[in-house]
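Here is how the chains run, residue by residue.
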Amino acid sequence: MIMNMGKMMDTYYNTNFYHKAQYHDPKVGTSKRKPIPMKTLFYLPIIPRFQRLFAPMQTAGQMTWHYDNRRPSGVLRHPSDGQAWKNFDQVHPDFAAEPRNIRLGLCSDGFNPYIQASTKPYSCWQVIVTPYNLPPEMCMSRPYMFLSCLIPGPHNPKASIDVYFQPLIDDLKKLWSGVQTYDVSRKQNFMMWASLMWTINDFPAYGMLSGWGTHGKLACPYCMEHTKAFRLEHGKKNSWFDSHRRFLPNTHTFRKNKKAFTKAKVEMGGPPSMLTSEEVYHTVKNVPTIIDEPHMSKLPGYGEWHNWTKRSIFWDLPYWKDNLLRHNLDVMHIEKNFFDNIFNTIMDVKGKTKDNDKARKDLSLYCWRPDLELKLQSNGKSLKPKANYTLDFKTESKLYFN
Amino acid sequence: MDWFYSNRIWMYDRCYANRGGLKESFVNGVEEFAIKACQQQTYLNENKLRCPCNKCHCTKIFSIETVKVHLFKNGFMPYYYVWIHHGEQMPHVNDNYVGVPSSGEHVDESEQFMAMQDMVYDALRQHETFEPSNFNNTEEPPNEEAQRFYDLLLEANKPLFEGAINSKLSICVKLLTCKSNWNIPDQCLDFITKMLLDVTPIKEGFPKSYYDAKRLVSMLGLKASRIDCCIKGCMLFYDNEYGKNDGHLLQYKFLS
């Protein structure tokens, strides 16, 4: 009986509460009006915008810059000097033969168009596509970054951001088969192709776009299931402490150091193997996409031996598995957070420093730092010794006033 | 500049990797360099020339034989694509860069209009010669779509009256900029257009209302489309060429 009730409630919510129709209910007496949609995605078609790049002389001539100005080998000045670009050229010689074909980068991030720190959070997502053919001073500058999707809020779309990518991916597929375009600088009609080279995101968006969840123990998309992450006993957080020694050369002295890293541990393991894109595709091939199954429950084994949430929509692109670099991290956010944490720790800001009591307790478990461990006092309280990397009041005030 | 880069790659490609011996292209290139350098006036006078090798950096003066030995031994000094010390002239910087706004800066409105003017100019000069070195010169008229765009641009970009700086297009774009920058109501824009019409003696080219201006600018393309989606973000109500056909649906399709 109880189970029946549950089922009934489920269907009730499914039909009536959670998923409303496409349009708002028409008001009485306004039946002739166009119905008002619940939510609309703004899509700015990219094909006419790329074609327009070849309409004025200023940009049309510059669209082959990466081909005309070959840098001597060893100079990294433009994405076209990189390995990923050259590898793609090798795999697709037809595509590389026409220098006017467009290489694209894609980035995505959430923002709040209203008040930043309001009680009602609102997260609106943008998707920006940029052509990399242009010279470095024009490439990635404001007039040449094309906003292609504007995804309305109020919630972060999470993994189902793929749903909103559909029109963009359709256009990219079309661009892979060629679009008739007029090039004003050479006065020719030609078939313009375009390929997406990579995406650039901050870490949460990386998880949304790539399909490998960036939460929990398996968050690192490089180590994947071979991670050495563990949960701190007192801090109750996942830590990647001492996971990087295995990337050192085999004879490095740090590998045998038993004091500076994890207590009494010699690192003998090698780095995790680098997966090729074919291997990644092979594992992801059978995972359903979020478009086919929007209400997918977590895949079996999620968080235990894999972190896949979905098959990313980018795998639908026929050339995606030929890209060496598919997803990149945007370092800006990471740098800012890192700086905040280090600064707060050094300045010993109360409540914000990472060097708190719990950290000191964990320290005694994992590290060899007897001078920093908490000391029990006669009155039952514990004393936290001052660390030599924090500033005291005198030096702090010197720093502020000089 | 491009020509120099593309034709003088051999200068920095001297030996084979992992074994001795000079590349043939490098030896030939140095011979070419010697012939060219020996033709200049200073060499004819003194029988000596500046050595562009990686150690001398054009500061020392030797005979041609010594210079050749130096070049084979040390290679050219870096970035010496144009032999300016041996009778060559630095080519002028490409004129196409002018008018391209640099990154991050606010693009001035007047600059934008200049860019527009340039585009019209490009469309007009069909018969001017432009000869890129790498491509065969097979000139074609623009395809139908591009031609329509250029025609529209030409039509809209005629000056409002003789001697006017503004065209119909630029006035319309300015009106729409008002709208987007300061979020002005439509009625206010209608009022402004009416005011403009009252002030000017020549009323021909001016937009008659906000709607008029919007229509003219929208004809130039680059529209945004709006696609309805499920309020929970599970699906889009749209059709595509790859077998998706949800545009007509009124209800969410994943009801179980």
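Look up: the structure comes first, before these words.
K.L.:
Hey, could you run me through the overall build of chain A in this one?
P.N.:
The secondary structure content of chain A amounts to twelve helices and twelve strands. Viewed in the frame of its principal axes, chain A has a C-alpha envelope of about 85 × 75 × 50 Å. By the burial criterion, 45% of the 402 residues in chain A qualify as buried. Approximately 22700 Å² of chain A is accessible, and the part contributed by carbon and sulfur atoms is 59%.

K.L.:
Would you mind showing me how to read the overall build of chain B here?
P.N.:
For chain B, the helix and strand inventory stands at nine helices and three strands. For chain B, the succession of helices and strands along the chain, N to C, is α-α-α-β-β-α-α-α-α-α-α-β. Within chain B, the fraction of its 256 residues that count as buried is 33%. Within chain B, counting contacts between residues at least 6 apart in sequence, those at least 24 apart form 42% of the total. Roughly 16600 Å² of accessible area belongs to chain B as shown, and the carbon and sulfur atoms make up 54% of that amount.

K.L.:
Would you mind showing me how to read the packing of helix α7 (residues 168-182) of chain B against helix α8 (residues 186-199) of chain B here?
P.N.:
Packed helices, taken two at a time, are described by the angle between their axes plus the distance between the axes. Residues and elements named next belong to chain B. Where α7 contacts α8, the two axes come as close as 11 Å, and the packing angle between them is 150°. Comparing the axis directions of α7 and α8 gives the class roughly antiparallel. For α7 against α8, the interelement crossing comes out right-handed. Here Leu175, Cys178 and Lys179 of α7 come into contact with α8, specifically with Asp186, Leu189, Ile192 and Thr193. The residue inventory of the contact of α7 with α8, partitioned by class, reads four nonpolar, one polar and two charged.

K.L.:
Could you clarify how one ought to interpret the side chain of Asp171 of chain A in this entry?
P.N.:
Residue and element names in this part refer to chain A. Along the chain, Asp171 falls in helix α7 (residues 161-176). Here Asp171 is buried and forms no salt bridge, its nearest opposite-charge partner Lys174 lying at an N-O distance of 4.7 Å. One polar contact links Asp171 to Tyr43, side chain to side chain, over a distance of 2.6 Å. If we skip the residues at most four places from it in the chain, Asp171 touches Tyr43, Pro45, Ile46 and Ile47.

K.L.:
Whenever I open this one, the packing of aromatic side chains confuses me. Can you help?
P.N.:
The way to describe two aromatic rings as a pair is by their centre distance and the angle between their planes. This structure, assessed with the given rule, holds 28 aromatic pairs over all chains. Aromatic pair Phe230 of chain A and Tyr366 of chain A: ring centres 5.0 Å apart, planes at 55°, arrangement tilted. Linking Phe230 of chain A in strand β8 (residues 230-231) with Tyr366 of chain A in helix α11 (residues 357-366), this pair joins segments that are 136 residues apart in sequence. Between the aromatic rings of Trp10 of chain B and Phe26 of chain B, the centroid separation amounts to 6.3 Å while the plane-to-plane angle is 65°, which identifies the pairing as edge-to-face. Of this pair, Trp10 of chain B sits in the loop between α1 (2-7) and α2 (24-38) while Phe26 of chain B sits in helix α2, and the two are 16 residues apart along the sequence. An aromatic cluster is defined as three or more aromatic residues linked by ring pairs; in this entry it consists of Trp10, Phe26, Phe33, Phe72, Phe76 and Trp83 of chain B. The aromatic ring of Phe190 of chain A is capped on one face by Arg100 of chain A, whose charged end is 4.1 Å from the ring centroid. Over the aromatic face of Tyr281 of chain A sits the side chain of Lys321 of chain A, whose NZ or CZ is 5.7 Å from the ring centroid.

K.L.:
Just to check I follow, could you spell out the environment of Leu106 of chain A for this structure?
P.N.:
Residue and element names in this part refer to chain A. With respect to the helices, strands and loops of the structure, Leu106 is situated in strand β2 (residues 102-111). Owing to a relative accessible area of 1%, Leu106 belongs among the buried residues under this scheme. Apart from residues lying up to four places away in sequence, Leu106 is in contact with Val127, Ile128, Val129, Phe165, Leu168, Leu196, Trp198, Thr199, Ile200, Leu209 and Phe314.

K.L.:
Mind showing me how you'd approach a nonpolar patch on the surface here?
P.N.:
Together, Tyr222, Leu324 and Leu325 of chain A make up an exposed nonpolar region whose accessible area comes to about 300 Å². For Tyr222 of chain A, the position within the fold is in the loop between α8 (203-210) and β8.

K.L.:
In this structure, what is going on with the state of the cysteines? I would like to understand it.
P.N.:
What we call a disulfide is simply a covalent bond connecting the sulfur atoms of a pair of cysteines. All names here are of chain B. Scanning all chains against the criterion turns up zero disulfides over all chains. Left unpaired, Cys53 is separated from the closest cysteine sulfur, that of Cys56, by 3.5 Å. Left unpaired, Cys230 is separated from the closest cysteine sulfur, that of Cys234, by 4.0 Å. Assessed through its relative accessible area of 2%, Cys230 is described here as buried.

K.L.:
Sorry if this is basic, but what is going on with the environment of Phe343 of chain A here?
P.N.:
Residue and element names in this part refer to chain A. Among the secondary structure elements, Phe343 is positioned in helix α10 (residues 331-346). A residue is classified by how much of its surface remains accessible, and Phe343, at 35% relative accessible area, is partly exposed. Sequence separation between Phe343 and Thr390 is 47 residues, and the spatial gap between their C-alpha atoms is 9.6 Å.

K.L.:
What am I meant to see in α10 of chain A here?
P.N.:
Since one α-helical turn is 3.6 residues long, residues separated by three or four positions face the same way. Here α10 of chain A contains 16 residues, and its C-alpha end-to-end distance of 22 Å stays within 8% of the 22 Å for a straight helix at 1.5 Å per residue. Phi turns positive one or two residues past the end of α10 of chain A, at Asp348 of chain A, with a value near 55°.

K.L.:
Even after reading the chapter, I still don't get the pattern of salt bridges, so can you show me in this structure?
P.N.:
All names here are of chain A. One pass over the full model with this rule turns up 17 salt bridges over all chains. The salt bridge partner of Arg71 is Asp81, with a shortest N-O separation of 2.8 Å. Here Arg71 is found in the loop between α4 (65-68) and α5 (83-91), whereas its partner Asp81 is found in the loop between α4 and α5, with ten residues between them in sequence. Residue classification places Arg71 among the buried positions, given a relative accessible area of 14%. Residue Asp81 is classed as buried on the basis of its relative accessible area, which comes to 13%. Ionic pairing is found between Arg311 and Asp316, a salt bridge with its closest N-O pair at 3.9 Å. Counted as one network, the salt bridges with shared partners bring together Glu98, Arg100, Asp183 and Arg186.

Procedures and definitions
Residues numbered from 1 in each chain as written. Chains lettered and ligands numbered in written order. Predicted model: local features only at pLDDT ≥ 70, side-chain atom pairs only at ≥ 80, totals over all residues. Heavy atoms only, no water. Helix = DSSP H or I, 4+ residues; strand = E, 2+ residues; numbered from the N terminus. Buried < 20%, exposed > 50% of the residue type's maximum accessible area, 1.4 Å probe, protein only. Areas by Shrake-Rupley, 256 points an atom, 1.4 Å probe, with all protein chains shown as cover. Contact = heavy atoms within 4.5 Å. Axes fitted to C-alpha atoms, helices over the stretch in contact; angles between N-to-C directions. Parallel < 35°, antiparallel > 145°, perpendicular 65-115°, else oblique. Left-handed = near helix turned anticlockwise from the far one by under 90°. Nonpolar A, V, L, I, M, F, W, Y, C, P; charged D, E, K, R; others polar. Lys, Arg positive; Asp, Glu negative; His and termini not counted. Salt bridge = Lys/Arg side-chain N within 4 Å of Asp/Glu carboxyl O. Polar contact = N/O pair within 3.5 Å; in protein donor to acceptor, adjacent residues only side chain to side chain. Phe/Tyr/Trp six-rings, centres within 6.5 Å; stacked < 30°, edge-to-face > 60°. Lys NZ or Arg CZ within 6 Å of the ring centre and 35° of its normal. Patch = residues over 30% accessible without salt bridge, like charges linked within 9 Å, V, L, I, M, F, W, Y side chains within 5 Å. Disulfide = S-S within 2.5 Å. Expected span 1.5 Å × (residues − 1).

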